[in-house]
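Structural overview
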Amino acid sequence: RTVVRGVARGVGGAVLQVAGAVGTMASRLSEARQAEARLKEKRDRRAAEKAAGSRSNMSMAKHIDTTASADHSVSVLGFEYRQINAGRQAEHTRSYMKYHADRAARWATAFPDIPKFVGGSVNISYKLRKSSKLKRFCRKGVPIELRPTVWMQVSGAADKMKASPGRYAELVKSPENKFSEQILLDMHRTFPNNIHFRPDGCPRQKQLHRVLLAYSNHNPSVGYCQGMNFVCGMLLLILDGNEEQTFWLFDGLISKLPPNMYAEDMKGIQAECSTFFAIMKEDYPELSAELEKRGALHVMPAIVVKWLINAFVDTVPEETVLRIWDALIYEDWKVLYRVGFAILLMAHRSGELMTHDAASILEFLSNIGWALYDCNAVFAVAFDEIDSKGKVKRARINRLRDTIEK
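The structure contained in this document is the topic of the report that follows. Per-chain numbering applies: the sequence of each chain, read as written, is numbered from 1 onward. The predicted nature of this model means local features are confined to residues of pLDDT at least 70 and side-chain atom pairs, given and counted, to a pLDDT of 80 or more, with totals for whole chains, interfaces and linings taken over all residues. Only heavy atoms go into the side-chain values, all of them from the structure, while hydrogens and water stay out.

**Quick word on the overall build of the protein**
Within the protein, the regular secondary structure consists of 18 helices and two strands. Burial classes follow relative accessibility: with a 1.4 Å probe on protein chains only, a residue under 20% of its type's maximum area counts as buried, one over 50% as exposed, and anything between as partly exposed. Burial status across the protein gives 50% buried among its 406 residues. Across the protein, every contact between residues at least 6 apart in sequence was considered, and the portion connecting residues at least 24 apart equals 77%. For the accessible areas, the method is Shrake-Rupley and the probe is 1.4 Å, while residue cover comes only from the protein chains on display. Accessible surface computed for the protein: about 19,800 Å², of which carbon and sulfur atoms make up 55%. Helix and strand labels come from DSSP, where a helix needs a run of H or I of at least four residues and a strand needs a run of E of at least two; each type is numbered from the N terminus. It only takes one pair of heavy atoms within 4.5 Å for two residues to be counted as in contact.

**Focus: helix α13 (residues 300-309)**
Along α13, the positions that sit buried rather than exposed are Met300, Ile303, Val304, Trp307, Leu308 and Ile309. Check the buried side of α13 and you find it contacts α9 (228-238), α11 (267-283), α15 (334-350) and α16 (361-366). Alanine 311 lies just past α13 and shows a positive phi near 50°.

**So, the environment of methionine 228**
On the secondary structure map, methionine 228 appears in helix α9. C-alpha separation for the pair methionine 228 and alanine 311, spaced 83 residues apart in sequence, amounts to 9.2 Å. Contact partners of methionine 228, with chain neighbours within four places excluded, come to Leu212, Tyr215, Val222, Gly223, Phe250, Ile254 and Tyr262.

**Here's the deal with the pattern of salt bridges**
Salt bridge criterion: a side-chain nitrogen from Lys or Arg within 4 Å of a carboxyl oxygen from Asp or Glu. For the structure on display, the rule yields 23 salt bridges. Where glutamate 331 meets lysine 334, a salt bridge forms, and the shortest distance between an N and an O atom there is 3.6 Å. In this structure, a network of salt bridges that share partners links the residues Arg139, Glu331, Asp332, Lys334, Arg338, Asp387, Lys393 and Arg394.

**A short note on the packing of aromatic side chains**
Aromatic pairs are defined between Phe, Tyr and Trp rings, using the six-membered ring for Trp, whenever the two ring centres lie within 6.5 Å; interplanar angles under 30 degrees are classed as stacked, those over 60 as edge-to-face, and all others as tilted. Summed over the entire model, instances satisfying the criterion amount to 19 aromatic pairs. For the ring pair tryptophan 107 and phenylalanine 111, a centre distance of 5.2 Å and an interplane angle of 45° mean the geometry is tilted. Each member of the pair tryptophan 107 and phenylalanine 111 is classed as buried. An aromatic cluster of three or more residues is present, and its members are Phe276, Phe277, Tyr284, Trp333, Tyr337 and Phe341. The residue whose ring lies beneath lysine 130 is tyrosine 330, and the NZ or CZ to ring-centre distance is 4.6 Å. For a Lys NZ or an Arg CZ to count as sitting over a ring, it must be within 6 Å of the ring centre and within 35 degrees of the ring normal. Positioned above the aromatic ring of tryptophan 333 is the side chain of arginine 401, whose terminal nitrogen or guanidinium carbon lies 4.8 Å from the ring centre.

**Re the side chain of threonine 320**
Structurally, the position occupied by threonine 320 is in helix α14 (residues 318-330). The class of threonine 320 is buried, set by a relative accessible area of 2%.

**Brief notes about the nonpolar core**
In terms of nonpolar packing, the biggest core is built from 114 residues, with Trp107, Met228, Met234, Tyr262, Trp325 and Leu365 touching the most fellow members. Top contributing element to this core by residue count: α15, with ten residues. Put simply, buried Ala, Val, Leu, Ile, Met, Phe, Trp, Tyr and Cys residues joined by side-chain atoms within 4.5 Å make one nonpolar core.

**A look at the packing of α14 against α15**
The angle between two axes is taken between their N-to-C directions and runs from 0 to 180 degrees, where each axis is a line fitted to C-alpha atoms and a helix contributes only its stretch in contact. Following both chains from N to C, one finds α14 and α15 inclined at 145°, their axes separated by 8 Å at the closest point. The segment α14 lies against α15, with Ile324, Ala327 and Leu328 engaging Val335, Leu336 and Val339. Amino acids outside the nonpolar list (Ala, Val, Leu, Ile, Met, Phe, Trp, Tyr, Cys, Pro) and the charged list (Asp, Glu, Lys, Arg) are all regarded as polar, and Gly is one of them. Per-class residue counts for the contact of α14 with α15 are six nonpolar, no polar and no charged.

**Points about the environment of aspartate 326**
Note on placement: aspartate 326 falls in helix α14. On a C-alpha basis, the gap between aspartate 326 and valine 150 in space is 8.7 Å, while along the polypeptide they are 176 residues apart. Once residues within four sequence positions are removed from consideration, aspartate 326 is found in contact with Cys138, Gly141, Val142, Arg147 and Trp151. Contacts described as polar in this section are N or O atom pairs within 3.5 Å, which, within protein, must combine one atom able to donate a hydrogen with one able to accept it, while residues neighboring in sequence count only if both atoms come from side chains. A distance of 2.9 Å separates a polar atom in the side chain of aspartate 326 from a polar atom in the side chain of tryptophan 151.

**Focus: unusual backbone geometry**
In this structure, proline 199 follows arginine 198 across a cis peptide bond, with omega equal to -10°. In this structure, phenylalanine 191 takes a positive phi of about 50° despite not being glycine. Positionally, phenylalanine 191 belongs in the loop between α7 (180-186) and α8 (203-218). In this structure phenylalanine 191 comes out as buried when scored by relative accessible area, which is 2%.

**Digging into the environment of methionine 346**
Take methionine 346: it is sitting in helix α15. A residue is classified by how much of its surface remains accessible, and methionine 346, at 23% relative accessible area, is partly exposed. As for methionine 346 and alanine 377, which are separated by 31 residues in sequence, their C-alpha atoms are 9.0 Å apart. If near-sequence neighbours (up to four positions away) are discounted, methionine 346 is found in contact with Leu372, Ala377, Val378 and Val381.

**What to know about the packing of α8 against α9**
For any two helices packed against each other, one specifies the inter-axial angle together with the distance between the axes. One can describe the packing of α8 onto α9 by two numbers: an axis separation of 10 Å at closest approach and a directional angle of 120°. In terms of orientation, α8 and α9 fall into the oblique class. Crossing handedness for the pair α8 and α9: right-handed. Of the residues in α9, those in contact with Arg204, Gln207, Leu208, Val211, Leu212 and Tyr215 of α8 are Met228, Asn229, Cys232, Gly233, Leu236 and Leu237. Broken down by class, the residue content of the contact of α8 with α9 amounts to eight nonpolar, three polar and one charged. Put simply, angles under 35 degrees are roughly parallel, angles over 145 are roughly antiparallel, angles from 65 to 115 are roughly perpendicular, and the rest are oblique. With the far helix as reference, a near helix turned anticlockwise by less than a right angle produces a left-handed crossing, and one turned clockwise produces a right-handed crossing.

Right, dumping it as structure tokens:
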């Protein structure tokens, strides 16, 4: 019995040890399965983000031409352009497509419910709230397929459109006004390098004419000014010809531009120009001195006027314009100042300014923006550098403008 009891105790102890070991193994197995499940979930999430990025990348591939050997190409918005430095352009395109895919994946994770632009119409019932996070994301670029929805939301255009149903239809029926002749004259001057605005009298030109005439009746204190045709025309292309939504987004964008910039007497844009140069002289004296040395200061006003009044349309590459507008529409016109200074600073630091004299400086400055296909480089200066110093702020610009106007 003693032996049996000893054996029993030994067996019992062994059973308990085995049970404990089994319990430990089961616990570890459970932990391993949970870890594997978490890993699978993480892999699935990354795969989903990659797929979203890939789909957006395909969209981006249509948007930026990658045939560097071709002399001409046509973007998805219909712009024809001659390649500048084809080798570097192709290299940048490949790099930017990766960047765009990464940003699209991040947007899909951070804002998964933003409806994509489909069927030529923005879903205005969707509500996107502004936040510091959304502002940061807009500065880094809005994916192509989300851009119309985001712009309509952050500009306030969607809310205005919902609050005024039928307003655009009424305005289209309004009689012609004192701006009608100038609007008509500017139709054939609008994007002659865009296949959708050719030939004269084409559907897009007629749409643009209706939207601009409607706006001049909607806001007669602003009416119409040359330059508005390029801004409105770009929006019409972005919104795939949706006139009503183009009208409201145009109204929202105009409210983001400097006050009185489109005034008939041109005093508003003259004040903006003077304010721009006053800040440049204070903040960037070396740049200002170099421009003066090159005999550029007397031609610079014409360059800056076009930058501001066109909101950089028809002065920089298409994708750079859209990236500028991503920030401009979320924020306001101070973005135009920062980008303008960034362009000039980049030219100064690269040494390009110093290669020109009074005879060639006008042509150089007139075309300075067209080589800026690397919009991330522009924004690195405009936001990471200029904005971080806190000098080109709305309050300061307003104060200087008020002083100049007095």
